[in-house]
Amino acid sequence: KEELFSIEDYVGMNLEYIRLDSLNADLSVEECHLETLVKKEVMHFSQMFIARQLSIQMENLDHIVISDSKWLAFVLDQILSNALKYTKKGGICISAKEQDKKVYLMIQDTGIGIAKEDLPRIFEKGYTGYNGRADKKASGIGLYLCRRICTQLGHRIWAESAPGVGTVIKVDLEREELQVE
C-alpha cells in the first residue's frame, strides 16, 4: 500500500511540475479556511500515519488566509509527504500563529533532520542533499515546486532543521505581490 501511495504521489507531483508554467492562468486567489485545507491533506495521508504509528497534532489552524486553495493544498501535500518520508518515530505537528497581522503555517516533524550545509539548497531544482542520496528515492523536485508555487502565490517558504532533531517548514501566508512568470 505504501509503495502504491508513493507512486501515486510521484505521478501527481510530476503532473503538477508540467502544469507549473501555466500556474498563473490557473490561479484562483480567494479566502481559504486553513483548518479545512489542512484536515483534508492530513486525511489524504491518514493511512501512512497509522501504518507508521506516527502522531499528528493540529493546533491553532482556525484562520482565514488569502491564497489559492488548490495550489496551497499541493504545497502542504508535498511538505507532509517529505515529513512522513523522513520521520520514523514521533510525529508531525501542523500549526499556525498570527504575528504582526500575518499568519504563519508551520509543519514540524521529529524526523532525521537536514544537515546544515544542505539546508540553504533544499528548495533548488533537483537538489536532494545527503538525506535524498541516502534514501535513493528523492527526486529533488517537491520542495522546488513548493518554493515556485509559494513565490507565485505571493507567500514565502523556508525551513529550519538540525540532524537528529527534525525539521520545521514555515510558510508566511501574508500575500506579497504576485510573481508573474
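All of the points below concern the structure found in this document. Values in this document were obtained by computation on a predicted structure and should not be read as measured data.

Cut-offs applied
Residues numbered from 1 in each chain as written. Predicted model: local features only at pLDDT ≥ 70, side-chain atom pairs only at ≥ 80, totals over all residues. Heavy atoms only, no water. Helix = DSSP H or I, 4+ residues; strand = E, 2+ residues; numbered from the N terminus. Buried < 20%, exposed > 50% of the residue type's maximum accessible area, 1.4 Å probe, protein only. Pairing = 2+ DSSP bridges. Axes fitted to C-alpha atoms, helices over the stretch in contact; angles between N-to-C directions. Parallel < 35°, antiparallel > 145°, perpendicular 65-115°, else oblique. Left-handed = near helix turned anticlockwise from the far one by under 90°. Contact = heavy atoms within 4.5 Å. Nonpolar A, V, L, I, M, F, W, Y, C, P; charged D, E, K, R; others polar.

A word on unusual backbone geometry
A positive phi is found at glutamine 53, a non-glycine position, where the angle reads about 55°. Its place among the elements puts glutamine 53 in the loop between α4 (46-52) and β2 (55-59). Even without a glycine there, the phi angle at aspartate 100 is positive, about 50°.

Here's the deal with the pairing of strand β5 (residues 102-109)
For β5, the tally of buried residues reaches six of eight residues, placing the bulk of the element in the interior. Alignment of strand β4 (residues 91-99) against β5, held across eight bridges, turns out to be antiparallel. Residue pairing for β5: cysteine 93 is matched across the bridge by glutamine 108. What sits between β4 and β5 in their antiparallel hairpin is a turn of two residues, with aspartate 100 showing a positive phi close to 50°.

Some thoughts on the packing of helix α5 (residues 69-86) against helix α7 (residues 142-153)
Orientation of α5 relative to α7, taken along the N-to-C sense of each, is 150°, at an axis distance of 9 Å. By the angle class used here, α5 and α7 are roughly antiparallel. For the pair α5 and α7, the crossing hand works out as left-handed. Across the interface between the two elements, Trp71, Leu72, Phe74, Val75, Gln78, Ile79 and Asn82 of α5 pack against Gly142, Leu143, Leu145, Cys146, Ile149, Cys150 and Leu153 of α7. Its residues assigned to classes, the contact of α5 with α7 shows eleven nonpolar, three polar and no charged.

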